[in-house]
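Examining the three-dimensional arrangement
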Amino acid sequence: VHLVESGGGLVQAGGSLRLSCSASGGTFSSTAMGWFRQAPGLEREYVAAISYNGGKTYYRNSVKGRFTISRDNAKNTVYLQMNSLKPEDTAVYYCNADPESTLGGFIMGPYWGQGTQVTVSS
């Protein structure tokens, strides 16, 4: 499975960005997908996840109400719409295939992209 993220950039606090992740080489329409992020000096953390058909979505508490994960199985693409961005959202964001559900969140599955940098200035 090959994943390619895009859409990162520099934005002021309160602004918006939409990340995209294009998938190839697997059965995208039957695979749950997720977004993770890693800030400098911190561990990678789960941000959002979506079921194979988009029927269920999950978010870490700090992004609920601000971020929206969605997918288009016809385009093999998953999205992360990020609104009301905060400086603490600054991180490299990674798309992930088949994240594993754990108590309180998700851990990364076996496939991820190269990441896209999101920087939110105050």
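Refer to the preceding data block for the structure.
Worth saying up front: this structure is predicted, and the values here are computed from it rather than measured.

**Examining the overall build of the protein chain**
A count of helical and extended segments in the protein chain gives 0 helices and 13 strands. In the protein chain, the succession of helices and strands from N to C terminus is β-β-β-β-β-β-β-β-β-β-β-β-β. Radius of gyration (C-alpha) of the protein chain: 13 Å, near the 14 Å computed for a compact globule of 122 residues. Each principal axis of the C-alpha distribution contributes one length, and for the protein chain these read about 40 × 30 × 25 Å. Split into buried and exposed, the 122 residues of the protein chain put 42% on the buried side. When contacts within the protein chain are restricted to residue pairs at least 6 apart in sequence, long-range pairs at least 24 apart make up 55% of them. For the protein chain, the exposed surface amounts to about 6,200 Å²; the carbon and sulfur share of it is 49%. The distance from the centre of the 10 positive side-chain charges to the centre of the 8 negative ones in the protein chain is 7 Å.

**Overview of the packing of aromatic side chains**
Under the criterion given, the structure shown has 3 aromatic pairs. Aromatic pair Tyr-46 and Phe-106: ring centres 5.1 Å apart, planes at 50°, arrangement tilted. A residue pair is termed long-range when its members are at least 10 positions apart, and Tyr-46 in strand β5 (residues 45-50) and Phe-106 in strand β11 (residues 105-107) qualify at 60 residues. Members of the aromatic cluster, joined through ring pairs, are Phe-36, Tyr-46, Tyr-58 and Phe-106. The cationic tip of Arg-71 hangs over the ring face of Phe-28; the distance from NZ or CZ to the ring centre is 4.4 Å.

**Concerning the sheet that holds strand β1 (residues 2-6)**
Each strand in a sheet pairs with another by means of backbone hydrogen bonds, the pair being arranged parallel or else antiparallel. Ordered by their spatial adjacency, 4 strands build an open sheet running β1-β3-β8-β7, and the pairing between neighbours is antiparallel. The open sheet has two edge strands, β1 and β7 (67-72), and neither has a second partner. Pairwise comparison of adjacent strand axes, ignoring direction, gives a mean angle of 15° for this sheet. With 5 bridges joining them, β1 and strand β3 (residues 17-24) adopt antiparallel strand pairing. Paired with Glu-5 across the strands is Cys-21, a residue of β3.

Parameters at a glance
Residues numbered from 1 in each chain as written. Predicted model: local features only at pLDDT ≥ 70, side-chain atom pairs only at ≥ 80, totals over all residues. Heavy atoms only, no water. Helix = DSSP H or I, 4+ residues; strand = E, 2+ residues; numbered from the N terminus. Rg over C-alpha atoms; globule rule 2.2 N^0.38 Å. Buried < 20%, exposed > 50% of the residue type's maximum accessible area, 1.4 Å probe, protein only. Contact = heavy atoms within 4.5 Å. Areas by Shrake-Rupley, 256 points an atom, 1.4 Å probe, with all protein chains shown as cover. Lys, Arg positive; Asp, Glu negative; His and termini not counted. Charge placed at Lys NZ, Arg CZ, Asp CG, Glu CD. Phe/Tyr/Trp six-rings, centres within 6.5 Å; stacked < 30°, edge-to-face > 60°. Lys NZ or Arg CZ within 6 Å of the ring centre and 35° of its normal. Pairing = 2+ DSSP bridges. Axes fitted to C-alpha atoms, helices over the stretch in contact; angles between N-to-C directions.

Spatial relationships are all this shows, so hold off on functional conclusions.
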